[in-house]
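Results of the structural survey
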Amino acid sequence: MIFTERVCIERQIDGGWTVTAYDVTAAFCPMNFTERIALEPWSHRPLMRFWIDVNSQAMDGDRLIRDDGSAWKIRGVPIHPPEAEHLEGIAEGDADDGLFLSAAVV
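These numbers were taken from a predicted model, which means no experiment stands behind them.

So, about the pairing of strand E6 (residues 86–93). Of all the eight residues making up E6, seven are buried; the element is thus mostly covered by neighbouring parts of the structure. One ladder, built from seven bridges, connects strand E3 (residues 47–53) with E6; its direction is antiparallel. Paired with Arg49 across the two strands is Ile90, which belongs to E6. Hairpin connection from strand E5 (residues 71–79) to E6: six residues lie between these consecutive antiparallel strands, with Glu83 at a positive phi of about 60°.

In this structure, Val7, Ile9, Val24, Phe28, Phe50, Ile52 and Leu64 are the most contacted members of the largest nonpolar core, which totals 15 residues. Where this core is concerned, the elements lending two or more residues are strand E1 (5–13), strand E2 (16–30), E3, E5 and E6. Per-element tally for this core: the top contributor is E2, with four residues. Excluding residues that lie within four positions of it along the chain, Ile9 makes contacts with Thr18, Val19, Thr20, Ala21, Val24, Ile52, Ser56, Ala58, Asp62, Arg63 and Leu64.

Extensive coverage of E3 is indicated by the burial of five of its seven residues. Direction of pairing for E2 relative to E3: antiparallel, over a ladder of five bridges. In the strand pairing of E3, Phe28 is matched with Phe50.

Conventions and cut-offs
- Residues numbered from 1 in each chain as written.
- Predicted model: local features only at pLDDT ≥ 70, side-chain atom pairs only at ≥ 80, totals over all residues.
- Heavy atoms only, no water.
- Buried < 20%, exposed > 50% of the residue type's maximum accessible area, 1.4 Å probe, protein only.
- Helix = DSSP H or I, 4+ residues; strand = E, 2+ residues; numbered from the N terminus.
- Pairing = 2+ DSSP bridges.
- Core = buried A, V, L, I, M, F, W, Y, C linked by side-chain atoms within 4.5 Å.
- Contact = heavy atoms within 4.5 Å.

Here it is in structure tokens:
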């Protein structure tokens, strides 16, 4: 695994987002079209696969803040593959995904 960026991990505590980890190594990859369509009933927001340092202690509902300032919420419990030095999972973007916007009738 080659990590390509660093993220901050935030957790919602007492109604506000609190940074729980700084400078965590990470990599992101958009889901392929077939996977994205299969998950459409689950979310209309952009979805990315992510891989982060195994020591990050990220959990479902945490937010990953990327270098570009975008926030991605972890959906589900990240998994730790056997003999791997990373956690992997799915993260959901903040805004609706343009892929599923219906065309306006004029």
